[in-house]
Amino acid sequence: MRNFFGHVVRFIVAAIVLMFVGWVTPQFSVGGFWSALFLALAIAVIGWIIEGIFGNRVTPFSRGIVGFLTSAVVIWLAQFFVGNVSVTVIGAILAALVIGIIDLFIPISSPFEAGKRKEKAS
C-alpha cells in the first residue's frame, strides 16, 4: 500500500512540474491539473514502451543527450493521447530541457525504474 501512495505522490509532483513547465515554456501548454496528471501518466507509459523496445540506454528518464532527445519525443507524442495539451517540436525540446533542469533539484524518477530498483535489491 505504501508503494501505491509513493506512485500517486510521484505522479502528482510530476503533474505540478508539468504545469510549471507549461507556464514558463513557450509553445508548450497544459490545460489544467487533470491534463497535467494524464500527461504525466502518458509520458511514463510511452517512456516505458520506448525503454522496453530499445533498452535502458534510451529511457526518457536517463541522463545524457539520448535521454534528453527521447524525453522531447515522448513529450511531443504524449500530446496526441491527452486532451488540452499543445506542444510544438521546439516546445517539446524546451520542455525537456526545463524538466531536465528541474530534475537536477527535484529528482522525479519513472515509477517503472523504482520497481526495477526494488527487483534488483531482492
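For the structure, see preceding data.
Report on the accompanying structure. (Residues numbered from 1 in each chain as written. Predicted model: local features only at pLDDT ≥ 70, side-chain atom pairs only at ≥ 80, totals over all residues. Heavy atoms only, no water.)

## Concerning the overall build of the protein
Then, in step 1: Looking only at helices and strands, one finds five helices and two strands in the protein.
Then, in step 2: Ordered by position in the sequence, the α and β elements of the protein form the string α-β-α-α-β-α-α.
Then, in step 3: Out of the 122 residues in the protein, the part that is buried amounts to 39%.
Then, in step 4: Surface summary for the protein: the accessible area is close to 7,400 Å², and the carbon and sulfur share equals 73%. (Helix = DSSP H or I, 4+ residues; strand = E, 2+ residues; numbered from the N terminus. Buried < 20%, exposed > 50% of the residue type's maximum accessible area, 1.4 Å probe, protein only. Areas by Shrake-Rupley, 256 points an atom, 1.4 Å probe, with all protein chains shown as cover.)

## A short note on the environment of Phe28
Then, in step 1: By the element assignment, Phe28 lies in strand S1 (residues 28-30).
Then, in step 2: For Phe28, a relative accessible area of 2% translates into the label buried.
Then, in step 3: Each C-alpha atom, one on Phe28 and one on Thr88, is 6.8 Å from the other, the two residues being 60 residues apart in sequence.
Then, in step 4: For Phe28, the residues in contact, after removing those within four places along its chain, are Leu18, Val21, Gly22, Leu39, Ile75, Ser86, Val87, Gly91 and Ala95. (Contact = heavy atoms within 4.5 Å.)

## Considerations on unusual backbone geometry
Then, in step 1: Even without glycine at this site, Gln27 takes up a positive phi of about 65°.
Then, in step 2: Along the chain, the position of Gln27 falls in the loop between helix H1 (2-24) and S1.
Then, in step 3: Accessibility expressed as a relative area gives 46% for Gln27, which makes it partly exposed.
Then, in step 4: Non-glycine residue Asn84 carries a positive phi angle of around 60°.
Then, in step 5: Mapped onto the secondary structure, Asn84 falls in the loop between helix H3 (65-78) and strand S2 (85-87).

## Some points on the nonpolar core
Then, in step 1: Counting 29 residues, the largest nonpolar core has Leu18, Val21, Phe28, Leu39, Ile43 and Ile75 as the members making the most contacts within it.
Then, in step 2: Mapped onto this core, the elements with two or more residues apiece are H1, S1, helix H2 (33-54), H3, S2 and helix H4 (89-105).
Then, in step 3: Sort the elements by how many residues they give to this core and H2 lands first, with nine residues. (Core = buried A, V, L, I, M, F, W, Y, C linked by side-chain atoms within 4.5 Å.)

## What to know about the environment of Ala96
Then, in step 1: Assignment of secondary structure puts Ala96 in helix H4.
Then, in step 2: What makes Ala96 buried here is its relative accessible area of 6%.
Then, in step 3: When neighbours within four sequence positions are excluded, Ala96 is seen to be in contact with Phe68, Ser71, Ala72 and Ile75.

## A closer look at H2
Then, in step 1: Given a rise of 1.5 Å per residue, 22 residues ought to cover 32 Å, and the 31 Å separating the end C-alpha atoms of H2 matches this to within 8%.
Then, in step 2: Taken residue by residue, H2 has Ser35, Ala36, Leu37, Leu39, Ala40, Ala42, Ile43, Ala44, Ile46, Gly47, Ile50 and Glu51 as its buried positions. (Expected span 1.5 Å × (residues − 1).)

## Focus on the side chain of Gln79
Then, in step 1: Inspection of the secondary structure assignment puts Gln79 in the loop between H3 and S2.
Then, in step 2: Exposure remark for Gln79: the relative accessible area of 14% places this residue in the buried category.
Then, in step 3: Excluding its chain neighbours within four sequence positions, the residues that come into contact with Gln79 are Val85, Ser86 and Val87.

Everything listed here is a matter of coordinates, which is why it stays silent on function.
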